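Residue-level structural notes
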Amino acid sequence: MAVVAYEQRRIRTIRSTWVILVVTLVLAGAIAALTAGLANIDPETGQRGAPAPLRDVLTAVGNPIVLIPVSVLAAMAFGGEYRFGLIRQTLTSFPRRTGVYLAKLWVATLWMVGFLLLATALILAVAFAFRANLIFEPLTSENLGILGRSLLFGIGYCLYAFALVVITRNQALSIAVLIVWTVLVESLLVGFLSSRLEWLPEVLPMSAGGRFVVGEDVLASAGVFFGLLAGLLLLGWGMFTRRDA
């Protein structure tokens, strides 16, 4: 419990934590407002039509643009300590490395969940403000499913950053790799190879995560996205417990 208390104190006393929260909320609100404002506009005529489904706005919480600052929060759990050489001090105070790893994972996840729930509340408030453009029925099974899967995807996406930092011991590199892989690499692979390798989008983690969010082949997609994440987290734990600080 002492290491969990230490992690809680560390994360809430760092100014970056609160800057990340503000940036996350601003991005979530902006994307939700943009999506809701344009939701029922016909791209050909420019005229507004019937109200659009709320699901189009709810997915904003799982948008990679919103998740980038939250992934930085996850990366900071280990990244800051490696960057400033504080990991030796932490391991001197708490020599049980598995306990340190689990405490950081637990606390980072709690804060990520909190940030994403606040972003979700803001997105719903924005959707309500644009309810003339949307079918504002957030409690339908479809919308609750989209929202729940978007939150799970968001937590998983950020934990990829957590795992990569533990493996590479480099915060900036890990965040960059995650962004480039999500935005560029998978798009290029799918664009150039999917016509010949039809199964490729099904085994790429972010593509699988996107299908999971929209409810396409949910179990298989979740297996790919969260299975690789579990493997990276286990690899990170193994490397952290066995190599020098």
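See above for the structure.
Residues numbered from 1 in each chain as written. Predicted model: local features only at pLDDT ≥ 70, side-chain atom pairs only at ≥ 80, totals over all residues. Heavy atoms only, no water.

1. Points about the overall build of the protein chain
- Across its full length, the protein chain carries eleven helices and two strands.
- The helix and strand sequence of the protein chain, counted from the amino end, reads α-α-β-α-α-α-α-β-α-α-α-α-α.
- Taking 2.2 N^0.38 as the reference for a compact globule, 245 residues should give roughly 18 Å; the C-alpha atoms of the protein chain span a radius of gyration of 19 Å, in line with that estimate.
- Each of the three principal axes of the protein chain carries a C-alpha extent, and together these read 65 × 45 × 30 Å.
- One way to put it: in the protein chain the 18 positive side-chain charges average out to a point 19 Å from where the 13 negative ones average out. (Helix = DSSP H or I, 4+ residues; strand = E, 2+ residues; numbered from the N terminus. Rg over C-alpha atoms; globule rule 2.2 N^0.38 Å. Lys, Arg positive; Asp, Glu negative; His and termini not counted. Charge placed at Lys NZ, Arg CZ, Asp CG, Glu CD.)

2. A word on unusual backbone geometry
- Backbone geometry at Arg169 places phi at a positive 60 degrees, although glycine is not the residue there.
- Tracing the sequence through the fold places Arg169 in the loop between α7 (141-168) and α8 (171-193).

3. Points about the pattern of salt bridges
- Applying the stated criterion across every chain yields a total of four salt bridges.
- Here Glu7 ties to Arg10 by a salt bridge, and the two come within 2.9 Å at their closest N and O atoms. In this pair, Glu7 and Arg10 both sit in helix α1 (residues 2-13), three residues apart, roughly one turn of the helix.
- For Glu142, the salt bridge goes to Arg55, with nearest N and O atoms at 2.6 Å. Linking Glu142 in helix α7 with Arg55 in helix α3 (residues 55-58), this pair joins segments that are 87 residues apart in sequence. (Salt bridge = Lys/Arg side-chain N within 4 Å of Asp/Glu carboxyl O.)

4. Here's the deal with the packing of aromatic side chains
- In total, this model carries 15 aromatic pairs according to the counting rule given.
- With a centroid separation of 5.7 Å and 65 degrees between ring planes, the pair formed by Tyr101 and Phe162 is classed as edge-to-face. Here Phe162 lies in helix α7 and Tyr101 lies in helix α6 (residues 97-129), a separation of 61 residues in the sequence.
- Its relative accessible area of 1% is what places Phe162 among the buried residues.
- Site record: aromatic cluster; members linked through ring pairs are Phe153, Tyr157, Tyr160, Phe212, Phe225 and Phe226.
- Lying over the aromatic face of Phe78, Lys104 brings its terminal NZ or CZ to 5.2 Å of the ring centre. (Phe/Tyr/Trp six-rings, centres within 6.5 Å; stacked < 30°, edge-to-face > 60°. Buried < 20%, exposed > 50% of the residue type's maximum accessible area, 1.4 Å probe, protein only. Lys NZ or Arg CZ within 6 Å of the ring centre and 35° of its normal.)

5. Quick look at the environment of Ala30
- Along the polypeptide, Ala30 turns up in helix α2 (residues 15-38).
- A C-alpha to C-alpha distance of 37 Å links Ala30 and Gly85, two positions 55 residues apart in sequence.

6. A closer look at the side chain of Ser71
- The residue Ser71 is located in helix α4 (residues 64-83) in this model.
- Given a relative accessible area of 2%, Ser71 falls into the buried group.
- Within the structure, Ser71 has its side chain in polar contact with the backbone oxygen of Ile68 (distance 2.6 Å).
- Setting aside anything within four residues of it in sequence, one finds Ser71 in contact with Tyr157, Cys158, Ala161 and Leu178. (Polar contact = N/O pair within 3.5 Å; in protein donor to acceptor, adjacent residues only side chain to side chain. Contact = heavy atoms within 4.5 Å.)

7. A look at the nonpolar core
- Core analysis: the biggest nonpolar cluster contains 67 residues, and Val57, Phe78, Tyr101, Phe162 and Phe240 have the highest contact counts within it.
- Element by element, the count of residues in this core is highest for α7, at 16 residues.
- Residues contacting Phe78, with those up to four places away along its chain left out, are Ile87, Tyr101, Lys104, Phe162, Val165, Val166 and Phe240. (Core = buried A, V, L, I, M, F, W, Y, C linked by side-chain atoms within 4.5 Å.)

8. Here we look at the packing of α7 against helix α10 (residues 205-214)
- Between α7 and α10, the least distance of the axes is 8 Å, while the angle of their chain directions is 160 degrees. Relative to α10, the element α7 lies roughly antiparallel. Like other packed secondary-structure pairs, α7 and α10 cross with a definite hand, here right-handed. Here α7 contributes Ile146, Arg149, Ser150, Leu152, Phe153, Tyr157 and Tyr160 to the contact with α10, which in turn contributes Pro205, Met206, Gly209, Gly210, Phe212, Val213 and Val214.
- Its residues assigned to classes, the contact of α7 with α10 comprises ten nonpolar, three polar and one charged. (Axes fitted to C-alpha atoms, helices over the stretch in contact; angles between N-to-C directions. Parallel < 35°, antiparallel > 145°, perpendicular 65-115°, else oblique. Left-handed = near helix turned anticlockwise from the far one by under 90°. Nonpolar A, V, L, I, M, F, W, Y, C, P; charged D, E, K, R; others polar.)

9. Details of the environment of Leu73
- Within the secondary structure, Leu73 sits in helix α4.
- Residue Leu73 is classed as buried on the basis of its relative accessible area of 2%.
- The spacing of Leu73 and Leu197 is 124 residues in sequence and 36 Å in space, taken between C-alpha atoms.
- Those residues in contact with Leu73 that lie beyond four places of it in its chain are Ile11, Thr17, Ile20, Trp111, Met112 and Phe115.

10. Here's the deal with the side chain of Arg149
- Take Arg149: it is sitting in helix α7.
- Salt bridges are absent for the buried Arg149, whose nearest opposite-charge side chain, Glu142, sits at 7.2 Å.
- Filtering out sequence-adjacent residues up to four positions away, Arg149 remains in contact with Phe212, Val213, Val214 and Gly215.

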